[in-house]
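Observations on the three-dimensional arrangement
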Amino acid sequence: MTPDDRKLVEDVLGNVPGAFERLVREYQGLCWHIIQRMVRQPEDTRELCQEAFLRVHQCLHQYRGESALKSWIGQVAYSVAKRHLEKRRIAIADSGDEDDGLSLLDQVSDGFDLESACADAEIAAGLHEEIEALPPLQRTLLTLYHLDEVPIVEIARITGLAEGTIKSHLFRSRARLRERLQARMGAIA
Amino acid sequence: MNTPDNRPPSGKQPADAQRLEREWQAQERAMEQERRGVPLDPADPRVGEYRLIARALRAPAMEPVPFDLTDQIVRRVEAAQTLGERVEGWLLRILIAVLVVVAVGAVAIYGSGWVSAFVALWPQPSAQTTGWAGLLLGCLGLSLAWQWGGRLLRHHDQGHPA
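Residues numbered from 1 in each chain as written. Chains lettered and ligands numbered in written order. Predicted model: local features only at pLDDT ≥ 70, side-chain atom pairs only at ≥ 80, totals over all residues. Heavy atoms only, no water.

1. Brief notes about the overall build of chain B
Let me state the cut-off plainly: Helix and strand definitions follow DSSP, with helices as H or I runs of at least four residues and strands as E runs of at least two, each counted in order from the N terminus. Burial classification: accessible surface area is computed with a 1.4 Å probe over protein chains only, and a residue below 20% of its type maximum counts as buried, one above 50% as exposed, and the rest as partly exposed. In this description, contact between two residues means that some pair of their heavy atoms is separated by no more than 4.5 Å. Values of accessible area rely on a 1.4 Å probe in the Shrake-Rupley scheme; residue burial ignores everything except the protein chains shown.
Of the regular secondary structure elements, chain B holds four helices and zero strands. If you list the helices and strands of chain B from N to C, you get α-α-α-α. Taking all 162 residues of chain B together, the buried fraction comes to 22%. Excluding contacts between residues fewer than 6 apart, the proportion of contacts in chain B whose partners are at least 24 apart in sequence is 13%. Counting every atom, chain B has about 12,100 Å² of accessible surface; 67% of that belongs to carbon and sulfur.

2. Brief notes about the nonpolar core
For soluble globular proteins, the rule of thumb is that nonpolar side chains tend to be buried together. Keep this limit in mind: Joining through side-chain atoms within 4.5 Å is the link that ties buried Ala, Val, Leu, Ile, Met, Phe, Trp, Tyr and Cys residues into a set, and such a set is a nonpolar core.
Within the largest apolar cluster, 69 residues are counted, with the highest numbers of intra-cluster contacts made by Phe20, Leu23, Phe53, Leu69 and Ile73 of chain A. The residues touching Phe20 of chain A, leaving out its near neighbours within four places in the chain, are Val12, Phe53 and His57 of chain A together with Ile73, Val74 and Val77 of chain B.

3. Brief notes about the interface of chain B and chain A
Keep this limit in mind: Note on definitions: buried area is the accessible-area loss of two parts on being combined, 1.4 Å probe, summed for both. By definition here, a salt bridge exists when the distance from a side-chain nitrogen of Lys or Arg to a carboxyl oxygen of Asp or Glu is within 4 Å. Residues adjacent in sequence count toward polar contacts only when both atoms are side-chain atoms; beyond that, a polar contact is any pair of N or O atoms within 3.5 Å, and within protein one must be able to donate a hydrogen and the other to accept it. Residues were grouped as follows: Ala, Val, Leu, Ile, Met, Phe, Trp, Tyr, Cys and Pro as nonpolar; Asp, Glu, Lys and Arg as charged; and all remaining residues, including Gly, as polar.
Counting residues at the interface gives 48 residues for chain B and 55 residues for chain A. For the pair chain B and chain A, the summed buried surface comes to about 5,000 Å²; carbon and sulfur atoms form 64% of the total. Summed over the three residues of chain B that lose the most area to chain A, namely Glu49, Leu57 and Arg76 of chain B, the buried surface amounts to 14% of that side. The interface formed by chain B and chain A holds seven salt bridges in total. With its nearest N and O atoms 2.8 Å apart, the salt bridge here joins Arg174 of chain A to Glu28 of chain B. In this assembly, chain B and chain A are joined by 20 residue pairs in polar contact (both at pLDDT 80 or more). Put simply, the parts of the chain that give the side of chain B that touches chain A at least two residues each are α1 (14–36), α2 (45–58) and α3 (69–121) of chain B. No other element matches the eleven residues that α2 of chain B contributes to the side of chain B that touches chain A. For the side of chain B that touches chain A, a count of residues per class yields 26 nonpolar, six polar and 16 charged.

4. A few points about unusual backbone geometry
All names here are of chain A. Here the phi dihedral of Asn15 falls at roughly 55°; this positive angle occurs in a residue that is not glycine. Along the polypeptide, Asn15 turns up in the loop between α1 (3–13) and α2 (19–39). Its relative accessible area of 54% is what places Asn15 among the exposed residues. The phi angle at Arg89 is positive, at roughly 55°, despite the residue not being glycine. Looking at the element boundaries, Arg89 is found in the loop between α4 (69–87) and α5 (102–106).

5. Regarding helix α9 (residues 152–159) of chain A
Burial runs high along α9 of chain A: six of the eight residues are buried. A positive backbone phi angle near 75° is found at Gly160 of chain A, which sits one or two residues after α9 of chain A.

6. Some points on the pattern of salt bridges
Residues and elements named next belong to chain A. This structure, assessed with the given rule, holds 22 salt bridges over all chains. With a closest N to O distance of 2.8 Å, Arg83 and Glu51 form a salt bridge. Residue Arg83 is located in helix α4, and its partner Glu51 is located in helix α3 (residues 42–59); the two are separated by 32 residues in the primary sequence. Under the relative-accessibility criterion, Arg83 is labelled partly exposed at 36%.

7. Examining the packing of helix α7 (residues 121–133) of chain A against α2 of chain B
This is how the line gets drawn: Think of each axis as a best-fit line through the C-alpha atoms, taken over the contacting stretch in the case of a helix, with angles from 0 to 180 degrees between the N-to-C directions. Any angle that is under 35 degrees is reported as roughly parallel, and any over 145 degrees as roughly antiparallel; angles of 65 to 115 degrees are reported as roughly perpendicular and all others as oblique.
Direction vectors running N to C along α7 of chain A and α2 of chain B enclose 70°, while the axes themselves pass 10 Å from each other. On the basis of the axis angle, α7 of chain A is roughly perpendicular to α2 of chain B. Where α7 of chain A abuts α2 of chain B, its residues Leu127, His128 and Ile131 of chain A lie against Leu52, Ile53, Ala56 and Leu57 of chain B. Grouping the amino acids of the contact of α7 of chain A with α2 of chain B by side-chain chemistry returns six nonpolar, one polar and no charged.

Structure, rendered in C-alpha cells:
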C-alpha cells in the first residue's frame, strides 16, 4: 500500500468530508472498465459500479494493505460483475479454450499487407467487433492488461486466477484476434 | 514464464514450445511498442498485426465513464449509510420498548411476592438501636436545618443590600 493509499483509506474510515468522493474519482475508471468488459450493458454497468463502491465503503475496514488499493477495489468490482453473470447463467470464459494455442497459430500466416490494414477503418471496426465477441473473462483480461496497464501479478490478485492461467488467456485471445484479423483482411481483399 | 501455456510441458515438442514463445514475445513487443508509440516496422508483419490489435485494445469501443457517476455513487452510499443508521435507531428503540414492557410485566406479576420478601429481609431493630438511630437522625436533621437556615439568611442579605 502506498502512503497516498494509506492516507486515503484512513480519511475514508475517519469520515473526513470528501474522502470517499476522492476514492471514487480515483478508481471509478478501473471499476467501470472491469464491469463493462464483463457485463457489456451500460445500465447494468452503472448499477454494478454503484454496488461495487457500496461494498468498498462497507468493507474498507477489512482492507489490510497486503495488496495495492487499486487491486483490492478491482477485486471487488470483478467479484460483483462475476456474480452478476453467474446469476444470469452467462459463461465468463470460453469452454473451448483448452488448447495450447498451436492450432490458432497454424491458421495464421506472415504474409500480410500491414500498410493497407493500418489505414483501413473497416479493419479497425472489425477488430473491435472481434474483441466484443470474446468471452467476458478474456475481454476483461485484455482490457486490464492493455488499456489499464495493470501488471499480470496484479490482475492475478484482482481475478483470483493463477498468473500462468492469465498469460495463457492473453496469449490465446491475442492469437485468436490475429487469426480473425487475417480472415477479415482476406475477405476484404 | 515466458511460455504462455500454464499446463505442464509434457508431450509438447521443443519446436512447438519455441514457436509459442516467439509468438508470445511478438505479442508483448507489439504491446510495448504501441505504448511507446514507436513507428511500425513493415519488415515484421507479425508484430505489426499484433500492434493493430494492441491499438484496438487501447482504444476500445466502450461507453465512457458517465460524468455524473461519482455523484451517483456518493449519493447512494450516503443514502445507504443514513438508512442503516435509521434502522439501527429504530431497532434500539424497539429493544428498549420490549425491555420496558417485560420489566413492567414482571413487576405486575411477581411484584407482590418481592415486597413481602424485601420486608422479611429488613432487620428488626431493638429498642436500644432505635434510640441511637433516632439520635443520629436528630443530629443529621439539626445539621441540615442549620445549613439551610444560614443559606437562607445569606440569600436574604444579598437580595437587600445596605
